[in-house]
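Below are the chains, spelled out letter by letter.
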Amino acid sequence: MILSALLTSVGINLGLCFLFFTLYSILRKQPGNADVYAPRLVAEGKSDQRNDFNLERLLPSTSWVKRSWNPSEQELLVRAGLDGVVFMRIIIFSLKVFAFAGVLGLCVLLPINYMGSQIVIDFSDITNMSLESFMISNVNDGSKRLWVHFSAVYVFTAFVCYLLYVEYSYISAKRLAFFYSSKPKPDQFTVLVRGTPKSSTDSFSGSVEKFFTEYYPTLYLSHYMVYHTTKIQKLISDAEKVHRKLALLKSTQPTSKRFGRVGFLGIFGPKVDLLEYYEKKLEELEDNVRMQQSLLSGKETSAAFVSFKSRLGAAIALHIQQGENPTEWLTEQAPEPQDIYWPFFSASFISIWIGNVVVVVACIALTLLFFVPVILVQSLTHLDQLETWFPFLKGVLQITFVSQVITGYLPSLILKLFLYFVPPVMTMLSCLQGYVAHSQIEKSASNKMLWFTIWNVFFVTSLSGSVLYQVHMFWEPKEIPNILAVAVPAQATFFITYVVTSGWTSTASELFRLMPLISSFTRRNILTKTGEQFEVPSVPYSRMFWPIVHNSTVFSLVLMHLIAVGIFGLKKIPLAASLTIPLPIITLLFNGYCRKRFLPVFKGYPAERPFISGQKLTSVEWALDGYRFSQSVRVSRVVDLQVSRIEQNDKAILTCISCSESDPCIGFGRCSSSKDVILPPGFVVS
């Protein structure tokens, strides 16, 4: 790639970034777009949605940039929680690494590369100068200047490892502080038990109670079965939508505008009083929910939430094999109530295993299919190949600007567009692996996406052009550094344009929120659905993602070391290559230490309790603290309970399926048959 093609790509991306920022600064001021650009304020009732004309709303501004950096970490913790803080720490960590690498590369390495004479440079035509003139390939073989690159590898590795240690230590300390400052939560005293074996004499509920009463007599508190409630969940979802529409009609619409059509798209069907129509529909849905709940008896699944009197009891049950058959009585940490993913609670061990095998095969197939766009992208970087394949484009390709756009900007854009389709596919595949929490699905999808990107964007892109026909060399591991040393620098210009497109334009487009903007406009002006619930953007479970960031960064460092070993060998300074070999070993030892020192904090919480308000609780008092919390729910005996919650007139409708009567229980009290009702602490059993 020539210098002018790279500058063209940078210019296009900068222009798109400026366009997205400008449109964002204008559209965010429009009252009708508040649910797109300030949904949290709308949800909290703090958004100013007045439609008074104001010329300032039509002019772009930059004041929002400064305000976005003003909030302190404590304010961010209050507004977005620990997840938001960790997410911002990840972004800032990436910026620090990028800034240090940029300064080191532009101010130190680039001038040294440019002063080399390995490649003949035509100074009379700088714009058409090959970018190899600025790369390490331009440094003469055996030159002492290569020791500057050797030093840069060590300095960069030391800097990144220092940042990794600082961030790992800081985020793990934040997790512990957040845990200690929070009140005890139900999921900390509860484990999810799956694979309960069938009994000829007892129900699933009876088997669970019998098992844990026998083996955990002093620790076991209660359990709550999970039921098949697909129809009920659909009815409850419909009722929630109807309730939102009712609330909107009562609060915003005058009496004269409460009439409309309820058919397709609000265009067809008879014209009715919408308030009366939706009230009747809500009553019908509530009746259907009660009827379905009365039919739930006998629809138990083999899964149950088992609660213990202390965190210690839950931890013991979590880390001990329960039954002789390791595929039965499977225990795992109960997810947080808002994190639960219901479909696979009743899945058997064998079905989950088969699902994992299918997902692995699907991921391999997707990776192989992605070779097609990667090879297409690589063909665009070589105009001579395009002219051979498409002779009719020869005249167009000879236009300077067109050739610069095709070779400099188009390849990275096409690859990025193809990659947009991969995350939803990875999320869908992760949903088939039997996870019971959205956070588990997101972590699995993130790992899949990470390795998919490493393989397809880095390895396949690097090797498709130069070593595609030398696959046999991979059977000799000692040749891998040399292969990468040749392939990676040859594709360095493509990676530069890809990083610019992915890091600049892609991030700016996410700020612009094009798809939510189109969805909001369509809903308001075409479908006229103003009462639908909108999405409040969030970054859930980010506190659990730092180990993935740490591991991927360490992997990148080790890969850089291998490439450096190969390059120094090709550049005929074997001493530098030999001295670089200990660097990946040291990096892996550092990673091993971090895993031992900090990773356990992300998997569980310690029994030790720190000083709080000048007093340190003993382990017994800490256990009693949890016991008191778990006893805050009245428990006379374990009953099978199905709870539906439909907000109406500020009351929660609870229906106990153990009651012989059909009247619902109102509030957290006794049911109509005077039988004690237990609401699982923090859980809505489905």
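Now for a look at the structure at hand. (Residues numbered from 1 in each chain as written. Predicted model: local features only at pLDDT ≥ 70, side-chain atom pairs only at ≥ 80, totals over all residues. Heavy atoms only, no water.)

**What to know about the packing of helix α6 (residues 146-181) against helix α22 (residues 546-570)**
At a closest axis distance of 11 Å, the pairing of α6 and α22 adopts a crossing angle of 170°. The orientation of α6 with respect to α22, classified from their angle, is roughly antiparallel. For the pair α6 and α22, the contacting residues are Leu146, His149, Phe150, Val153, Phe156, Thr157, Val160, Cys161, Leu164, Glu167, Tyr168 and Ile171 in the first and Trp546, Pro547, His550, Thr553, Val554, Leu557, Met560, His561, Ala564 and Phe568 in the second. Looking at side-chain class alone, the contact of α6 with α22 contains 16 nonpolar, five polar and one charged residues. (Axes fitted to C-alpha atoms, helices over the stretch in contact; angles between N-to-C directions. Helix = DSSP H or I, 4+ residues; strand = E, 2+ residues; numbered from the N terminus. Parallel < 35°, antiparallel > 145°, perpendicular 65-115°, else oblique. Contact = heavy atoms within 4.5 Å. Nonpolar A, V, L, I, M, F, W, Y, C, P; charged D, E, K, R; others polar.)

**Comments concerning the packing of aromatic side chains**
Tallied over the full model, the rule gives 34 aromatic pairs. With 5.1 Å between their ring centres and 55° between their planes, Phe150 and Tyr154 make a pair best called tilted. Of the two residues, Phe150 and Tyr154 both sit in helix α6, four residues apart, roughly one turn of that helix. Judged by centre distance (6.4 Å) and plane angle (80°), the rings of Tyr168 and Trp546 are edge-to-face. Placement of the pair is Tyr168 in helix α6 and Trp546 in helix α22, with a sequence separation of 378 residues. Taken individually, Tyr168 and Trp546 each receive the classification buried, so the pair is uniform in this respect. Each residue in the set Phe93, Tyr165, Tyr168, Trp546, Tyr593, Phe598 and Phe602 is aromatic and connected to the rest through ring pairs, giving one cluster. (Phe/Tyr/Trp six-rings, centres within 6.5 Å; stacked < 30°, edge-to-face > 60°. Buried < 20%, exposed > 50% of the residue type's maximum accessible area, 1.4 Å probe, protein only.)

**Observations regarding the sheet that holds strand β1 (residues 190-194)**
Reading across from one edge, β2-β5-β1-β6 is the order of the four strands in this open sheet, with antiparallel pairing throughout. Two strands lie at the open edges of the sheet, namely β2 (220-227) and β6 (330-333), each paired on one side alone. Adjacent strand axes in the sheet meet at a mean angle of 30° when their direction is disregarded. Of the strands in this sheet, β1, β5 (300-308) and β6 are in contact with helix α10 (residues 311-318), which crosses β6 at around 135°. (Pairing = 2+ DSSP bridges.)

**Comments concerning the packing of helix α1 (residues 3-27) against helix α15 (residues 400-408)**
It is the contact of α1 with α15, at a shortest axis distance of 8 Å, that shows an interaxial angle of 75°. With respect to α15, the element α1 is oriented roughly perpendicular. Residues Ser4, Ala5, Thr8, Ser9 and Ile12 of α1 touch α15, and the partners they reach there are Phe401, Gln404, Val405, Thr407 and Gly408.

**Things to note about the nonpolar core**
Within the largest apolar cluster, 47 residues are counted, with the highest numbers of intra-cluster contacts made by Leu415, Leu419, Val422 and Met426. Of all the elements, helix α18 (residues 438-466) adds the most residues to this core, at nine residues. Apart from residues no more than four positions distant in its own chain, Val422 is found in contact with Leu366, Phe370, Met449 and Phe452. Counting residues in each nonpolar core, the second largest holds 26 residues, with Val549, Val554, Phe598 and Leu599 among its members. (Core = buried A, V, L, I, M, F, W, Y, C linked by side-chain atoms within 4.5 Å.)

**Some remarks on the pairing of β5**
Along β5, nine of the nine residues are buried, which leaves the element largely enclosed by surrounding structure. By the bridge criterion, four bridges tie β1 to β5 in an arrangement that is antiparallel. Within the sheet, the bridge partner assigned to Val193 lies in β5 and is Ala304.

**Regarding helix α24 (residues 582-597)**
Residue pairs spaced three or four apart in an α-helix point in one direction, given the helix's 3.6 residues per turn. Here α24 contains 16 residues, and its C-alpha end-to-end distance of 22 Å stays within 8% of the 22 Å for a straight helix at 1.5 Å per residue. Taken together, the buried positions of α24 are Leu583, Pro584, Thr587, Phe590, Asn591 and Cys594. The arc that holds every buried residue of α24, seen down its axis, measures 120°, which confines them to one face. Turned more than 90 degrees away from the buried face of α24, the exposed residues are Leu589 and Lys596. (Expected span 1.5 Å × (residues − 1). Arc of directions from axis to C-beta.)

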